[in-house]
Amino acid sequence: MASPNLGIREHSHGGDIPISRLDVHGSFESASFPVPNGREEEWRFTPLRRLRGLHQGREIADGTVAVEVSGPEQAVVERVGRDDSRIGASFLPNDRVSALAWESFTDFNPATVVTVPKDTELSETVFVKVTGTELGDAYGHILVRAEQHSSATVVLEYAGSAVYADNVEFVVEDGASLTVISLQDWNDDAVQVSHQYATVGRDARFRSFVVTLGGDLVRLSPSVRYKGTGGDAELHGLYFTGRAQHHEHRSLIDHNESNTRSRVEYKGALSGEDAHAVWIGDVIIGEGTSGTDSYEHNRNLVLTDGTRVDSVPNLEIFTGEVEGAGHASASGRLDDIHLFYLQSRGIPADEARRLVIRGYFQELIGRIEVPELRDRIMDEVEEKLALHE
């Protein structure tokens, strides 16, 4: 395990106390954040020119995005304005684009709230589909709330064409269980900057599967904070970054409560000239906590020349009472031994290659408990693979 990154500041009463470089103050006002120039640590991997001004902010949002929700009748779906007290109660925007998204969603495109009532177990999946219908700047806000001792699976799908920024809140109350599959399946011209803020209550469970296949540029920032002991969070991710695509995933787990658990596992593949994948995995184990258990892992499969991978795990520990903590990162080519084994049994080289890549992703895809989505994701992975062979 690499040495954890620790920030140190001078305490006014003498002595040094650690602070996290990730412990930034948020704001709902975009003016509180300077316009990024690309030299900031949190923006240095993002090609700002390809954001098409999304990080700067414009007076008029000229794009059109539709949000459709379908699912069992027990799930309560509402469209609400910014004045609804439930909206924004679980987070503060932590960068300029998140704050702009908060300021800019309108009555014409109100926030979508999906509530799973207390003690309700949904037997059917809730589908939330965000579709860009007219290319241009657009903003959104979604809140998914699993009330106490409820259980649900929600699929959040992005498609179409847009230059889009949104905030998504996942509130998992005490004893509840929420599984979210977030599928970024945009058209090739789309740009998305999305923040997913999860709050996990006492003895609650949150599982997230992020699948990024489409778009010109997608930057997704999932974060987790705990609101009680016994919380359990798993963040899984899959991305296949093709020619000239930029896929960036920046996860943050804040173990601000004792006896909490987290697992982060992201797997990617890159193929084609100028394909660029970024994974930043940040974990904070807070001062005064005990019994926390955390591990994060990123793997990248490089299929062709001309690609770029940036993989940066960060672990910051401010207590000695840790149950477990670690991280790993690996990027490389297909294993020649695996290919040779298959070819020695009469399987053609191209088919052997596809089988190895399918196996690489299958372990993660197999955990998605929505059968039709599992099949669709694997089919799209194989389509991209065939396109870049």
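Up top you'll find the structure we're talking about.
Residues numbered from 1 in each chain as written. Predicted model: local features only at pLDDT ≥ 70, side-chain atom pairs only at ≥ 80, totals over all residues. Heavy atoms only, no water.

**Student:** Would you explain the sheet that holds strand β10 (residues 177-184) in this entry?
**Tutor:** Within a sheet, neighbouring strands are paired by backbone hydrogen bonds and run either parallel or antiparallel to one another. The strand order across the open sheet formed by 9 strands is β3-β6-β8-β10-β12-β14-β16-β18-β20, and the pairing between neighbours is mixed. Each edge of the open sheet is held by one strand with a lone partner, namely β3 (64-70) and β20 (322-332). Ignoring strand direction, the axes of neighbouring strands in this sheet form an average angle of 10°. In terms of strand pairing, strand β14 (residues 232-241) meets strand β16 (residues 261-270) through 10 bridges, oriented parallel. Following the sheet pairing, Tyr 239 is matched in β16 by Gly 268. Most of the contacts of helix α4 (residues 371-387) go to β14, to which it runs at about 35°, and overall it touches β6 (126-134), β8 (151-160), β10, β12 (205-212) and β14. (Pairing = 2+ DSSP bridges. Helix = DSSP H or I, 4+ residues; strand = E, 2+ residues; numbered from the N terminus. Axes fitted to C-alpha atoms, helices over the stretch in contact; angles between N-to-C directions. Contact = heavy atoms within 4.5 Å.)

**Student:** How should I be thinking about the pairing of β14 in this particular structure?
**Tutor:** For a regular strand, side-chain orientation follows a simple rule: the groups alternate between the two sheet faces. For β14, the tally of buried residues reaches 10 of 10 residues, placing the bulk of the element in the interior. Side chains Asp 232, Glu 234, His 236, Leu 238 and Phe 240 project from β14 onto one buried face, and the interleaved Ala 233, Leu 235, Gly 237, Tyr 239 and Thr 241 project onto a second face that is buried too. Alignment of β12 against β14, held across 8 bridges, turns out to be parallel. By the bridge assignment for β14, Phe 209 is matched with His 236. (Buried < 20%, exposed > 50% of the residue type's maximum accessible area, 1.4 Å probe, protein only.)

**Student:** Sorry if this is basic, but what is going on with α4 here?
**Tutor:** The periodicity of an α-helix, 3.6 residues per turn, causes residues three or four places apart in sequence to face the same way. Compared with an ideal rise of 1.5 Å per residue, which puts 17 residues at 24 Å, α4 spans 25 Å between its outermost C-alpha atoms and is within 8% of the ideal. For α4, the full list of buried residues reads Leu 373, Ile 377, Met 378, Glu 380, Val 381, Lys 384 and Leu 385. One side of α4 carries all its buried residues, which in axial view fall inside an arc of 160°. Set apart from the buried face of α4 by more than 90 degrees, the exposed residues are Asp 375, Glu 383 and Leu 387. (Expected span 1.5 Å × (residues − 1). Arc of directions from axis to C-beta.)

**Student:** Looking at this structure, I do not really get the sheet that holds strand β7 (residues 137-146). What am I missing?
**Tutor:** One open sheet holds the 9 strands; their spatial order is β4-β5-β7-β9-β11-β13-β15-β17-β19, and the pairing between them is mixed. Each edge of the open sheet carries a strand with a single partner, namely β4 (76-80) and β19 (308-317). Averaged over neighbouring strand pairs, the angle between their axes works out to 10° when direction is ignored. Against the sheet, helix α1 (residues 96-104) touches β7, β9 (163-172) and β11 (191-201), its axis set at about 90° to β9.

These figures come from the coordinates and say nothing about function on their own.
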